[in-house]
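Each chain is listed here by its residues.
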Amino acid sequence: MKKFLIAGNWKMNKLASEALDFCKELAAQNLTNAKDVAVLVPFTDLKETKEGLAGSGIGFGAQNVHFEESGAFTGEVSVPMLKEIGVDYCVVGHSERREYFAETDETVNKKLIALLNAGITPILCVGESLEVREQGGEQTFVAGQILADFAGIPASEAAKIVVAYEPIWAIGTGKTATPEQAEEMCAFIRGVLSGNYDNATGDSILILYGGSMKPSNAKELLEKPDINGGLIGGASLKIDDFTAIANAAAELG
Ligand code: PEP
């Protein structure tokens, strides 16, 4: 049976008080697949998110982390800080961080290793720009990101990383990749991982699609064989939309 993860990326949205209300309401939905659902929230919302979701089985996490344990890194948050709060997940390498905050494959790789060492599941984002796709270079580009980001990580640890394929041209634009485009790239990523490690590792890695996923297109994306779920931005901010996407996965699971 295919495994799923439906993860909501709130980005820089929701006050802590709003997070508490939202998470209590989400918990009250009694999702049948709660353990396959998570919300990824601003640092300031982590405590209230945990409180609101308590006992629901729904996971939660952060959207970024620093790779050093502690030190003179003003404004940053470390893995031990996230660990103490009890997060399940942390997003790494989102295209917005790569574009606006100078995230590189090198820092992404260090963050993945730091999170894995602490037992926190990384959700690694990869994906090409419109320019790269229009030139037909999307597979080369994404394979390059995958190989650089997984560098030096052994198969046993690599299997714990969740990969999210997020074509930049589909994020927050309302322009979803077609299910065929999404499946083609997710299958390609699985092939790159299988080639870099082995088939068992490639098969066990969860590969999500992200980019304007919403209730109206979730089912056709989620039913593709190499798509194990979604990383959902805009639609994760509304209880009804997020719940509908989680339910679509539950029906396929
Ligand atoms: C995202 O930010 O990860 C994302 C997929 O956003 P949206 O769903 O709004 O396109």
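Here is a short report on the structure shown in this document. It should be emphasised that the depicted structure is a prediction, and the values quoted were computed from it without experimental measurement.

1. Points about unusual backbone geometry
Point 1. In this structure, Lys14 takes a positive phi of about 80 degrees despite not being glycine.
Point 2. Inspection of the secondary structure assignment puts Lys14 in the loop between β1 (5–9) and α1 (16–27).

2. Some details on the sheet that holds strand β4 (residues 89–92)
Point 1. Ordered by their spatial adjacency, eight strands build a closed barrel running β1-β2-β3-β4-β5-β6-β7-β8, and the pairing between neighbours is parallel. Strand-to-strand twist in this sheet, taken as the mean axis angle between neighbours without regard to direction, amounts to 25 degrees.
Point 2. Of the strand pairs in this sheet, β1 and strand β2 (residues 37–40) are connected by four bridges, and their pairing is parallel. Following the sheet pairing, Ala7 is matched in β2 by Ala38.
Point 3. The sheet contacts of helix α7 (residues 138–149) involve β5 (121–126) and β6 (162–165), and relative to β5 the element is tilted by about 150 degrees.

3. Quick look at the site of the ligand
Point 1. Near the ligand there are 14 residues, and of these Lys11, Glu166, Gly172, Ser212 and Gly233 occur at the shortest range.
Point 2. Gly233 is positioned with one of its backbone polar atoms (N or O) 2.8 Å from an oxygen atom of the ligand.
Point 3. In this structure, an oxygen atom belonging to the ligand sits 2.9 Å away from a main-chain N or O atom of Gly234.
Point 4. For the ligand, the cavity whose grid points lie within 2 Å of the majority of its atoms is the second largest pocket.

4. Some remarks on the layout of surface pockets
Point 1. Considering only enclosed or pocket space, the largest pocket measures out at about 480 Å³ in volume.
Point 2. Considering the residues around the largest pocket, the lining is formed by 20 residues, among which Lys11, Met12, Gln63, Asn64 and Arg97 are closest to the centre.
Point 3. Taken together, the residues of the lining of the largest pocket break down into eight nonpolar, seven polar and five charged.
Point 4. Reported here for the second largest pocket is a volume of approximately 180 Å³.
Point 5. Lining the second largest pocket we find 17 residues, and of these Gly172, Ser212, Ile232, Gly233 and Gly234 sit closest to its centre.
Point 6. Taken together, the residues of the lining of the second largest pocket sort by class into five nonpolar, nine polar and three charged.

About the thresholds
- Residues numbered from 1 in each chain as written.
- Predicted model: local features only at pLDDT ≥ 70, side-chain atom pairs only at ≥ 80, totals over all residues.
- Heavy atoms only, no water.
- Helix = DSSP H or I, 4+ residues; strand = E, 2+ residues; numbered from the N terminus.
- Pairing = 2+ DSSP bridges.
- Axes fitted to C-alpha atoms, helices over the stretch in contact; angles between N-to-C directions.
- Contact = heavy atoms within 4.5 Å.
- Near = heavy atom within 4 Å.
- Polar contact = N/O pair within 3.5 Å; in protein donor to acceptor, adjacent residues only side chain to side chain.
- 1 Å grid on protein atoms, 1.4 Å probe; cavity = no way out; pocket = protein on both sides within 12 Å on 5 of 7 lines; lining within 4 Å.
- Sits in = over half its atoms within 2 Å of the grid points.
- Points joined across faces, edges and corners; volume = space filled by probe spheres on them.
- Nonpolar A, V, L, I, M, F, W, Y, C, P; charged D, E, K, R; others polar.

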